[in-house]
Amino acid sequence: MISWIGAKPLTHKKHLLDWNGTFTEAQKEAATQLVSSIKQKRNHLNHAVCGAGKTEILFPAVHYALNRGLRVCIATPRTDVVLELFPRFQKVFPKTNIHALYGKAPKQTGFAQLVISTTHQLFRFENAFDVIIVDEADAFPYTYDQALQKAVHKVKKQDAPVALVTATPSPQILAKQKKEKWGYSFIPKRYHGHPLPIPRYESLWSYDKAIQKGRIPRKLREWTNEKLSNQEPFLIFFPTIQLMEQAIPLFQQLDERILSVHAEDTDRKEKVMKLRNEQILGLLTTTILERGITIKNVQVAVVGAESKIFTSSALIQISGRVGRNAAFPKGDIVFFHHGITAEMDEARNEIFRLNKEGFGKNETP
């Protein structure tokens, strides 16, 4: 590794926050708590349900840090989250040099006071940042790879605070927050005031054998045709790339514009943009799109929800893709399964619990 030993780059203290949105009371409180933790150089956990407006909650804290000449890094385990966050921060911080770092990212010039990066790219830095924010802090592979967790501490300056942001904090994260007395924010309700959509179960017996024989199971075919007929965008999650690749030509017989994406797909950024821009109606995907993606009015199906890869937190995140837009606060989230698992029930029960907490015992969401 090569380290810079020259003069420290100059940082600016006049950054424009160009955002005209308004916070709910819960968002305002969470944003204030995060700023307070950064002022005190204290670690912080921002625990907020999918669709609570976690990104917007970061704006005041990032603005505060930048205007004090501090260098900020927003790190996340997933490239897709970087691609989602980068244009949003460029828009609200139009006079700030921001770099987005991920595998095969284009070359970017100048000194970036704000860096949005995958956790893998943090190996580029050492003792470089005054504030670290880890978005989707419970996501694979960050939670399973201690090298990535160590990288977060390697890139921060000695007294720099670390803020974790997630809708599904692991028991380990929650325990560490309590033990080390971090700052803590909790938002159990979406910004638009509507409840989280509740997943429904649909049996899909021997779905893998049907697909291998060149046939989409009837319930899945009917669900897809209904979304195509209604002109509703949709995501269909598969447990393996192999099964998804066997399925994609069958779905393209229903509509040739249906595409598929996975982690090694070099065109996945463009495919997601096509879905967002309504150029296509549907994407088949692995868990790579379980978080960090917002598509207006998207409908979601999980094929093989009983598979081990679909943990309760993954299923909660997948369910959280639905109903995020204030104009379309409802939507369909269906778990197609070959047997109901404890993880499926745990995910569904947690969504019920969050709705109950967000709306109160006497309110019916």
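Predicted, not measured: the structure shown is a model, and the values here were computed from it.

Student: Hey, could you run me through empty space enclosed by the protein in this one?
Tutor: Over the atoms a probe the size of a water molecule is rolled, and this reveals where empty space is left. For the coordinates displayed, the defined rule picks out 1 cavity of 30 Å³ or more. Size it by volume and the largest cavity reaches roughly 60 Å³. Together, V49, C50, A167, L196, P197, I316, S319, G320, I351 and L354 line the largest cavity. Those elements giving two or more residues to the lining of the largest cavity turn out to be helix 10 (312–319) and helix 11 (342–359). Across the lining of the largest cavity, the residue classes break down as 8 nonpolar, 2 polar and no charged.

Student: Even after reading the chapter, I still don't get the sheet that holds strand 8 (residues 200–203), so can you show me in this structure?
Tutor: Backbone-to-backbone hydrogen bonds join strands into a sheet, with any given pair of strands oriented parallel or antiparallel. The strand order across the open sheet formed by 6 strands is 8-13-12-9-11-10, and the pairing between neighbours is parallel. With one partner strand each, in any of the chains shown, strand 8 and strand 10 (259–261) form the two edges of the open sheet. Put simply, the sheet's adjacent strands are angled 20° from each other on average, direction ignored. Bridge count between strand 9 (residues 234–237) and strand 12 (residues 299–303): 4 bridges; the pairing is parallel. Bridge pairing in strand 12 places I236 opposite A301. The strands touched by helix 7 (residues 218–229) within the sheet are strand 8, strand 9, strand 12 and strand 13 (333–337), with strand 9 carrying the most contacts at an inclination of about 160°.

Student: Hey, could you run me through unusual backbone geometry in this one?
Tutor: Both trends apply: most residues other than glycine have a negative phi, and most peptide bonds are in trans. Phi is positive for E278, which is not a glycine, with a value near 65°. Tracing the backbone shows E278 in the loop between helix 9 (268–276) and strand 11 (282–285). The backbone phi angle of N297 is positive, close to 60°, even though this residue is not glycine. Mapped onto the elements of the fold, N297 is located in the loop between strand 11 and strand 12. In this structure N297 comes out as buried when scored by relative accessible area, which is 17%.

Procedures and definitions
For every chain, the first residue of its written sequence is number 1, and the numbers climb from 1 along that sequence. Owing to the predicted nature of the model, reporting of local features is limited to residues with pLDDT of at least 70; listing and counting of side-chain atom pairs is limited to 80 or more, with chain, interface and lining totals taken over all residues. Here the side-chain values reflect all heavy atoms present in the structure, with hydrogen atoms and water set aside. Residues are said to line a cavity or pocket when one of their atoms sits within 4 Å of a point; the points come from a 1 Å grid over protein atoms alone, cavities being sets where a 1.4 Å probe fits but cannot get out and pockets being open sets with protein on both sides within 12 Å along at least five of seven lines. Grid points are joined across faces, edges and corners, and a volume is the space filled by probe spheres set on the points. Put simply, DSSP marks the helices as runs of H or I at least four residues long and the strands as runs of E at least two long, and each gets a number from the N terminus on. When residue character is reported, Ala, Val, Leu, Ile, Met, Phe, Trp, Tyr, Cys and Pro are called nonpolar, Asp, Glu, Lys and Arg charged, and the others, Gly included, polar. If DSSP finds at least two bridges between two strands, the strands pair. To obtain an axis, a line is fitted to C-alpha atoms, over the contacting stretch when the element is a helix, and the angle between two such axes runs from 0 to 180 degrees between their N-to-C directions. In what follows, residue pairs with any heavy atoms lying within 4.5 Å of each other are defined as contacts. Buried, partly exposed and exposed residues are distinguished by accessible area as a fraction of the type maximum, computed with a 1.4 Å probe on protein chains only: under 20%, between the cut-offs, and over 50%, respectively.

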